[in-house]
Amino acid sequence: MLNTPVKNAITVSELNREVKSLLENAIAIRCVEGEISNLARPSSGHWYFTLKDNRAQVRCAMFRNRTQYLKFIPKEGDLVRVVARVSLYEGRGDYQLICDQLAQGGTGQLQQAFEALKARLDHEGLFSSEHKKTLPRHPRQLGVITSPTGAAIHDILQVLDRRYAALPVIVYPTAVQGKEAAAQIARAIELANQHNACDVLIVGRGGGSLEDLWPFNEEIVARAIFNSEIPIVSAVGHEVDITISDLVADLRAPTPSAAAELLSPNQAELRQRLRQASLRLHQQQLGLIRQQRNKLLALRQRLRHPGDRLRDQAQRLDSLETRLTRALQRRLKQAGQQLEVLQKRQQRLAPGPRVMLLQSQLEQLHKRLHKQIDNQLSRKRQLLQHQIIMLNSISPLATLERGYAIAQGATGQVILDAAEVKAGDRMTVRVHHGWIDSEVKSTHD
């Protein structure tokens, strides 16, 4: 039970206003030294930041009428001294310092650690361009090492869905802030290399304070990135945030979304390139077809009809037969003339037995001559028959004997396709015996 009467209750606003008055009146203006963190500089010109040391922190505000006279702009990690009065932000009930003056006080501990590690790793060559691996132009599978619940993975997947949704993604979940984050990030990089399923990795997280991003400034993470066989793109925080991971990685992206943009092909551009390649291929095919068609027409004009060759061969055989007959007739005539001479000499000389011997020899020669003539004629007939058989085997006339026909157009070209003629065209049809003049009534496939 409340002992205070209800009529004495005050509102939260009244309570905060009372506490604010107490703080501002009870504590004099102080000079406070600390390290800047969570610095925000909105367009209003006011600055908001946290001032901290290794054990505590306090919110600070410095309004435009004070910031405009400063000769430097502080940044994350700067050690500064402020002259401020203690107050309370009534809207949230937060205790804060209202800064009237701000001066540089040196470099903060985290910033000093950052610069020391950066210098040492740079001296060892971890930032050297000669160690940077080439990123794949079109990754087959992308690995992402980040928090599975953070904004970074959401931004990456959103960009990939817009640009190239077909790209497979493997997420290696890890903490991205806190004491355990650095070891988990390094282990995730090693695990991705052991799996060897991805050909490029994105290591990163969304924006935050210097403390939030600090795991990416740890040496264990830097060396894991340097030792990775898989190319790595570092995408930590916002564009103004620079970490050790950014310097060691094969490529730095200003944000996780930018990393996804850099690694994913643009499907619209790929479609356009595919359409252009398809058009070029189609045009090349048409050109090749035209070239082959012209070549076929040239060969067709040079090709002689088998019937012409058969007629030439038949004419040659007739000529050879005529020449052979005439030669035989000349031989017979010469033999007859020799016989007449011998008979006349025999009659003059009356050789008796010699005439009989010569007559016997003459008969033998006559028989041998007839035999040679018969043998030669037989060989010539066999040769002629063989050539006729060979010519018939390649002749379209043999095809015509089986009932087929050859259709020719008005100019004598052989018709191979019904599309080459139309209704009303004249054409000639060659059959086994003779030619048929015809008119096309209709065509169909």
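Since the structure is predicted, the reported quantities are computational estimates derived from the model, not experimental observations.

## Thoughts on the packing of helix α5 (residues 181-195) against helix α7 (residues 219-227)
Two numbers describe how α5 lies on α7: the axes approach to 8 Å, and their chain directions differ by 10°. As summarised for this structure, α5 and α7 are arranged roughly parallel, according to the angle between their axes. Where α5 approaches α7, its residues A182, A183, I185, A186 and I189 are matched on the opposing element by I220, V221, A224 and I225. Residue composition of the contact of α5 with α7, grouped by class: 9 nonpolar, no polar and no charged.

## Topic: a positive patch on the surface
A cluster of like positive charges, contributed by K344, R345, R348 and R354, occupies part of the molecular surface. With 3 residues, helix α11 (residues 306-349) is the single largest residue contributor to the positive patch. Here R348 is to be found in helix α11.

## Digging into the environment of L369
Relative to the elements of secondary structure, L369 occurs in helix α12 (residues 353-394). With 68 residues separating them along the chain, L369 and Q301 place their C-alpha atoms 49 Å apart. Discounting residues that sit within four places of it in the chain, L369 has contacts with R331 and L332.

## Comments concerning the nonpolar core
In terms of nonpolar packing, the biggest core is built from 31 residues, with I145, I189 and I244 touching the most fellow members. Put simply, the parts of the chain that give this core at least two residues each are α3 (109-124), α5, β8 (200-205), α6 (210-213), α7, β9 (232-236) and α8 (244-248). At 6 residues, the largest contribution of residues to this core is made by α5. Not counting the four nearest positions on each side in its chain, I189 is found in contact with I145, V203, A224, I225, S228 and I232. Judged by nonpolar contacts, the second largest core, of 16 residues, contains V159, V200, I202 and V233.

## Points about the pairing of strand β3 (residues 57-62)
Note that strand β2 (residues 47-52) and β3 share 6 bridges and pair antiparallel. Of the residues in β3, the one forming a bridge with L51 is V58. Hairpin connection from β2 to β3: 4 residues lie between these consecutive antiparallel strands.

## Structural notes on the pattern of salt bridges
Close approach of charged atoms allows side chains with opposite charge to pair. A full pass over the atoms with the stated rule returns 18 salt bridges. Its salt-bridge partner being E124, residue R120 comes within 4.0 Å of it at the nearest N-O pair. One end of the pair, R120, and the other, E124, are both in helix α3, 4 residues apart, so they sit about a helical turn from each other. On the basis of relative accessible area, R120 is assigned to the partly exposed category, the value being 40%. E124 is the partner of R223 in a salt bridge, and the nearest nitrogen-oxygen pair spans 2.8 Å. With R223 in helix α7 and E124 in helix α3, this pair connects stretches of sequence that are 99 residues apart. Classification of E124 by relative accessible area gives partly exposed; the value is 41%. What you see here is one network of salt bridges that share partners, running through R120, E124, E219 and R223.

## A short note on the confidence of the model for the chain
The share of residues in the chain with pLDDT of 70 or more is 94%, and the mean pLDDT across the chain is 85. Mean pLDDT in the chain bottoms out at helix α13 (residues 396-401), which sits at 72, and peaks at α5, which reaches 95.

## Description of a nonpolar patch on the surface
Where nonpolar side chains cluster on the molecular surface, the patch consists of I10, L15 and V19 and spans about 230 Å² of accessible area. With respect to the helices and strands, the residue I10 is situated in the segment before α1 (12-26).

Rules used in this analysis
Per chain, residues are indexed from 1 in the order of the written sequence. Reporting in this predicted model follows two pLDDT cut-offs: at least 70 for local features of residues, and 80 or more for side-chain atom pairs to be given and counted; totals over whole chains, interfaces and linings ignore these cut-offs and use all residues. Calculation of side-chain values draws on the structure's entire complement of heavy atoms; hydrogens and water are dropped beforehand. Note on geometry: axes are lines fitted to C-alpha atoms, helical ones only across the stretch in contact, with angles between N-to-C directions running from 0 to 180 degrees. Numbering of helices and strands runs from the N terminus; a helix is a DSSP stretch of H or I covering at least four residues, while a strand is a stretch of E covering at least two. Angle categories: roughly parallel below 35 degrees, roughly antiparallel above 145, roughly perpendicular from 65 to 115, and oblique for all the rest. Contact definition: two residues touch when any of their heavy atoms are within 4.5 Å. Three residue categories are used. Nonpolar comprises Ala, Val, Leu, Ile, Met, Phe, Trp, Tyr, Cys and Pro, charged comprises Asp, Glu, Lys and Arg, and polar comprises the others, including Gly. Each patch is assembled from residues with relative accessible area greater than 30% and no salt bridge, linking like charges that lie within 9 Å and nonpolar side chains (Val, Leu, Ile, Met, Phe, Trp, Tyr) that lie within 5 Å. In short, Shrake-Rupley with a 1.4 Å probe defines the accessible areas, and a residue's cover is counted only from the protein chains shown. Take a side-chain nitrogen of Lys or Arg and a carboxyl oxygen of Asp or Glu: if they are within 4 Å of each other, that pair is a salt bridge. Charged-residue counts in this description rest on Lys and Arg as positive and Asp and Glu as negative, His and the chain ends being excluded. Lys charges are placed at NZ, Arg charges at CZ, Asp charges at CG and Glu charges at CD. Among buried residues, those of type Ala, Val, Leu, Ile, Met, Phe, Trp, Tyr and Cys that are joined through side-chain atoms within 4.5 Å constitute a nonpolar core. For every residue, the accessible area (1.4 Å probe, protein chains only) is compared with the maximum for its type, and the residue is labelled buried under 20%, exposed over 50%, or partly exposed between those bounds. At least two bridges found by DSSP between two strands is the condition for calling them paired. Values of pLDDT, the confidence the predictor places in each residue, fall between 0 and 100.

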